[in-house]
Protein chains: 2
Amino acid sequence: MANIQEVARKAGVSVATVSRVLNNNSNVTEKTRLKVKQVINELSYEPSRLGRNLRNSESRLLLVLIPNISNPFYSEIINGIEETAVKQDYNILLCETNSDSERESIYINLIKNRMADGIILMDPTVNKKKLHELSETYSIVQCSEYDKEGNIPFVSINNELAAYHAVRYLIKIGNKKIALINSDEKFLYARERKRGYEKALHEFGITGYSDLIYHTDAVSFEDGQLAMRCLLDKKEKPTAVFAVSDILAIGALKEINASGLKVPSDISIVGFDKIAFSNMTYPTLTTISQPMYKMGCASANMLINKIKGKQVENITFDHELVIREST
Amino acid sequence: MANIQEVARKAGVSVATVSRVLNNNSNVTEKTRLKVKQVINELSYEPSRLGRNLRNSESRLLLVLIPNISNPFYSEIINGIEETAVKQDYNILLCETNSDSERESIYINLIKNRMADGIILMDPTVNKKKLHELSETYSIVQCSEYDKEGNIPFVSINNELAAYHAVRYLIKIGNKKIALINSDEKFLYARERKRGYEKALHEFGITGYSDLIYHTDAVSFEDGQLAMRCLLDKKEKPTAVFAVSDILAIGALKEINASGLKVPSDISIVGFDKIAFSNMTYPTLTTISQPMYKMGCASANMLINKIKGKQVENITFDHELVIREST
DNA sequence: GTGAAAGCGCTAACAT
DNA sequence: ATGTTAGCGCTTTCAC
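Analysis parameters
Residues numbered from 1 in each chain as written. Chains lettered and ligands numbered in written order. Predicted model: local features only at pLDDT ≥ 70, side-chain atom pairs only at ≥ 80, totals over all residues. Heavy atoms only, no water. Contact = heavy atoms within 4.5 Å. Buried area = accessible area lost by both parts, 1.4 Å probe. Polar contact = N/O pair within 3.5 Å; in protein donor to acceptor, adjacent residues only side chain to side chain. Helix = DSSP H or I, 4+ residues; strand = E, 2+ residues; numbered from the N terminus. Nonpolar A, V, L, I, M, F, W, Y, C, P; charged D, E, K, R; others polar. 1 Å grid on protein atoms, 1.4 Å probe; cavity = no way out; pocket = protein on both sides within 12 Å on 5 of 7 lines; lining within 4 Å. Points joined across faces, edges and corners; volume = space filled by probe spheres on them. Near = heavy atom within 4 Å. Core = buried A, V, L, I, M, F, W, Y, C linked by side-chain atoms within 4.5 Å. Buried < 20%, exposed > 50% of the residue type's maximum accessible area, 1.4 Å probe, protein only. Pairing = 2+ DSSP bridges. Axes fitted to C-alpha atoms, helices over the stretch in contact; angles between N-to-C directions. Right-handed = clockwise from strand over helix to strand, strands pointing away. Least-squares fit on C-alpha atoms with pLDDT ≥ 70 in both. Disulfide = S-S within 2.5 Å. Domains from an automatic or database assignment. Salt bridge = Lys/Arg side-chain N within 4 Å of Asp/Glu carboxyl O.

A. The interface of chain B and chain A, seen in detail. Tallying the contact residues gives 55 residues for chain B and 53 residues for chain A. Summing both partners gives a buried area of about 4,800 Å² for chain B against chain A, and 62% of it is carried by carbon and sulfur. Of all residues in chain B, Leu50(B), Arg114(B) and Met280(B) bury the most surface against chain A, accounting for 16% of the area lost on that side. In this assembly, chain B and chain A are joined by 16 residue pairs in polar contact (both at pLDDT 80 or more). In terms of residues, the side of chain B that touches chain A owes the most to one element, helix H5 (residues 72–87) of chain B, which gives eight residues. For the side of chain B that touches chain A, the residue count by class is 26 nonpolar, 16 polar and 13 charged.

So this is what it looks like as structure tokens:
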């Protein structure tokens with residue numbers, strides 16, 4: 001494995017000149033450049049990023065912290081992040097936290113150790129105070145989840161409004177007993193969507209729904225099923241369900257089908273995210289679409305700008321109610 | 001941002017001693033160790049991995065090359081890889097190739113540039129000759145996809161046998177006109193599963209099925225739908241379908257439902273992978289389960305061992321036919 | 001236009 | 001048990 005010294009020696013130039021050729025620095029005569037390039041080829045020389053990184057005090061790595069890679073919502077975002085990062089010669093260090101704070105600290109150490117130049121955070125469980133301290137020293141952006149108080153830049157949607165739209169629609173098509181399948185309220189989106197849900201109900205004078213709110217432990221199909229089973233056991237069954245994630249909605253849908261009830265005639269259901277699966281269920285799922293891919297691109301760009309020391313602005317993307325067969 | 005020098009100076013010791021404390025080297029008196037640790041705390045010193053990596057000529061990064069992160073099959077594998085890697089103080093550099101060879105070369109350069117210590121390859125599109133050359137110099141293992149000729153270690157299942165089991169089962173429950181929805185035959189698994197399919201049909205004296213084999217462009221729900229639409233247009237409709245991926249099977253299922261036919265009474269369907277979603281469809285999908293998570297763990301361990309210079313053995317995991325409602 | 005040399009932060013061989 | 005020092009591979013400043 002040749003290094004820059006050998007190339008320099010063999011080409012009869014100094015390492016500085018080789019470095020100049022490597023970095024397309026203009027101050028090299030065409031003749032020298034050619035000679036150096038030839039030797040590079042002969043030796044199959046590949047510059048070491050370890051050396052370059054140390055010298056430049058950068059890793060060109062972006063730390064991506066997600067709760068759970070198995071949720072297609074996150075995979076789509078990652079798609080966008082990666083595409084954008086690679087274009088700008090960054091790579092992503094993918095880290096799944098499972099919302100485990102110990103795991104999180106391991107990963108967050110990567111930035112303290114200079115192994116990452118910045119963090120795209122999609123998990124809310126980080127200790128808030130620590131996070132804000134951290135963001136004073138390091139480049140951090142949040143995606144989807146964010147903190148209203150701090151000044152960590154973020155990319156997200158208006159979760160409250162989106163939930164409000166979903167529930168208002170359920171009311172308008174004739175539902176009064178509308179259940180909410182929510183995830184853990186440690187997530188900002190969970191709190192916001194609940195607020196949107198409550199706002200819609202309140203606006204239409206619907207009360208006494210507290211019994212119809214269910215909080216899941218995690219976001220899995222099974223949690224959705226469990227939630228729905230529980231809701232179906234109530235003496236006052238809901239006529240509609242709003243789930244804060246397609247994953248939960250799909251689990252709920254399954255459970256309704258299994259119980260012999262029909263969607264949407266007996267129970268309507270609305271999900272959230274518009275993951276690809278949501279169009280493959282029976283019946284297909286009405287849902288709120290979020291521009292996951294674009295959110296990924298935007299957060300990567302935002303982070304890279306932040307790393308470069310530029311000022312960045314929060315971005316709130318539009319959502320859309322996609323009406324399909326489940327309502 | 002303090003460095004090792006400052007810590008040494010402030011603690012009144014040499015950098016070597018600080019390094020010893022950092023690396024839990026035993027040759028340090030308790031008193032010195034305590035003093036150094038105290039200064040480390042005072043300065044909030046965090047050792048730079050950039051320096052350490054250069055010095056040790058390692059990146060402690062594992063390059064994970066996958067065709068497509070949106071396929072839950074791969075996310076599950078990644079789960080296993082990450083879990084295993086982190087335990088051994090490695091991190092993963094996730095790279096999605098989209099089976100694009102240009103993209104692939106960008107990523108593969110990462111190992112040449114010492115930015116990765118090894119590669120877990122799940123994509124078959126790499127130029128074979130180049131790959132074998134590469135594997136002579138660098139640590140590479142393959143997961144799921146592999147090369148029968150070369151000697152790149154791999155983790156996989158017996159794809160031919162698994163497909164054979166699936167199709168034999170379809171025959172035994174009374175099907176003769178069995179369609180195959182296959183993906184691109186650039187994938188080894190696609191060729192192997194086709195072989196298993198053919199073997200089963202041949203064994204039971206079933207012929208004239210070539211019209212019932214469909215190759216998709218990619219592995220998406222839409223491709224599955226497209227394939228099924230095409231198969232349903234044949235004058236001799238199949239009574240059963242074997243799809244080489246749950247994703248394709250789910251798309252096909254959707255299309256059958258949409259056409260008014262019933263699964264399994266009109267058409268039976270078997271998928272492959274046992275992704276979580278395969279249990280959420282209507283009806284639930286009979287499928288071949290692969291131990292994705294374990295495959296991920298095994299390939300990470302294998303790669304790390306290879307990096308350490310150990311001898312490694314190929315691993316072929318067991319599959320299982322999981323009979324559910326679609327057959 | 002090119003070269004010499006310093007130095008990024010760390011580890012480890014060697015010396016004491 | 002601890003210190004001195006070389007050097008991992010690169011970029012960049014300063015001379016010429």
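B. Highlighting empty space enclosed by the protein. As enumerated under the stated definition, the model contains three cavities of 30 Å³ or more in all. Estimated volume of the largest cavity: approximately 60 Å³. Considering the residues around the largest cavity, the lining is formed by Leu50(A), Asn53(A), Ser59(A), Leu61(A), Met115(A), Leu50(B), Asn53(B), Leu54(B), Ser59(B), Leu61(B) and Met115(B). Examining the composition of the lining of the largest cavity, we find that three residues originate from one element, helix H4 (residues 49–56) of chain B, more than from any other. Residue composition of the lining of the largest cavity, grouped by class: seven nonpolar, four polar and no charged.

C. How the structure looks around the protein's contact with DNA strand D. If you check the shell around DNA strand D, you find 26 residues, and the closest are Ile4(A), Tyr45(A), Arg55(A), Arg20(B) and Thr32(B). In DNA strand D, the atoms that sit within 4 Å of the protein are 58% sugar and phosphate, with bases accounting for the remainder. Interatomic distance of 2.4 Å between a side-chain N/O atom of Tyr45(A) and a phosphate oxygen of DNA strand D. The contact in question runs from a phosphate oxygen of DNA strand D to an N or O atom on the side chain of Asn27(B), over 3.4 Å. Of all the elements in the fold, those that place two or more residues in the surface near DNA strand D are helix H2 (15–22) and helix H4 (49–56) of chain A together with helix H2 (15–22) and H4 of chain B. Of the residues belonging to the surface near DNA strand D, the class tally is nine nonpolar, twelve polar and five charged.

D. A look at the nonpolar core. In this structure, Phe242(A) and Phe242(B) are the most contacted members of the largest nonpolar core, which totals 156 residues. With residues near it in sequence (within four places) discarded, Phe242(B) still touches Ala163(B), Ala166(B), Val167(B), Leu170(B), Ala179(B), Leu180(B), Ile181(B), Arg193(B), Val270(B), Gly271(B) and Phe272(B). Grouped together as the second largest cluster of nonpolar side chains are 40 residues, Leu61(B), Leu65(B), Leu93(B) and Leu110(B) included.

E. Structural detail: the sheet that holds strand E12 (residues 320–322) of chain B. Residues and elements named next belong to chain B. Across the sheet, which stays open at both edges, the six strands sit in the order E7-E6-E8-E9-E10-E12 with mixed pairing between neighbours. The two strands at the open ends of the sheet, each matched to only one other strand, are strand E7 (213–215) and E12. On average, each strand axis in the sheet is tilted by 20° relative to the strand beside it, whichever way the strands run.

F. A look at the pairing of strand E4 (residues 140–143) of chain B. Residue and element names in this part refer to chain B. Side chains Ile140 and Gln142 project from E4 onto one buried face, and the interleaved Val141 and Cys143 project onto a second face that is buried too. Two elements, strand E3 (residues 118–121) and E4, share three bridges in a ladder whose sense is parallel. Opposite isoleucine 119, over in E4, you have isoleucine 140 as the bridge partner. A crossover links E3 with its parallel partner E4, the connecting element being helix H7 (residues 128–137), and its sense is right-handed. Looking at chain direction, E4 and strand E5 (residues 154–157) are connected through two bridges and run parallel. Opposite glutamine 142, over in E5, you have phenylalanine 154 as the bridge partner.

G. Structural view of the pairing of strand E9 (residues 268–273) of chain A. Residues and elements named next belong to chain A. With respect to burial, E9 is a largely interior element, six of its six residues being buried. Strand direction decides the pairing type here: strand E8 (residues 240–243) and E9, joined by three bridges, are parallel. Following the sheet pairing, alanine 240 is matched in E9 by serine 268. Of the strand pairs in this sheet, E9 and strand E10 (residues 286–289) are connected by four bridges, and their pairing is parallel. Residue glycine 271 lies in a different strand from E10, and its bridge partner there is threonine 287.

H. View of the sheet that holds strand E6 (residues 178–182) of chain A. Residue and element names in this part refer to chain A. The six strands lie next to each other as E7-E6-E8-E9-E10-E12, forming an open sheet whose pairing is mixed. Looking at which strands have only one partner, the edges of the open sheet turn out to be strand E7 (213–215) and strand E12 (320–322). Sheet twist, expressed as the mean angle between neighbouring strand axes with direction ignored, is 20°. Against the sheet, helix H11 (residues 246–258) makes contact with E6, E8, E9 and E10, and its axis sits at roughly 155° relative to E9, the strand it touches most.

I. Broad picture of the relation of the copies chain B and chain A. With an RMSD of 0.1 Å, the operation that places chain B on chain A is a rotation of 180° combined with a shift of 0.1 Å along the axis. The two molecules are tied by a two-fold rotation axis, judged by turn and shift. For chain B, the minimum C-alpha distance to the rotation axis belongs to Leu93(B) and amounts to 2.4 Å.

J. Main features of the state of the cysteines. Residues and elements named next belong to chain A. Using the criterion set out here, one finds zero disulfides over all chains in the structure. Cysteine 297 takes part in no disulfide bond, and the closest cysteine sulfur to it belongs to cysteine 143, at a distance of 10 Å. What makes cysteine 297 buried here is its relative accessible area of 16%.

K. Molecular detail of the domain arrangement of chain A. Residues and elements named next belong to chain A. Segmenting chain A into domains produces domain 1 (4–47), domain 2 (59–157 + 292–317) and domain 3 (159–289). The centre of domain 2, based on its C-alpha atoms, is set 29 Å off from the matching centre of domain 3. On the side of domain 3, 15 residues touch domain 2, which itself brings 14 residues to the contact. In total, domain 2 and domain 3 occlude about 1,200 Å² of area from one another, counting both sides; carbon and sulfur atoms represent 58% of this. Summed over the three residues of domain 2 that lose the most area to domain 3, namely Pro72, Glu145 and Ile157, the buried surface amounts to 36% of that side. Across the contact surface, domain 2 and domain 3 share one salt bridge. A salt bridge links glutamate 192 to lysine 148; the nearest nitrogen and oxygen atoms lie 3.4 Å apart.

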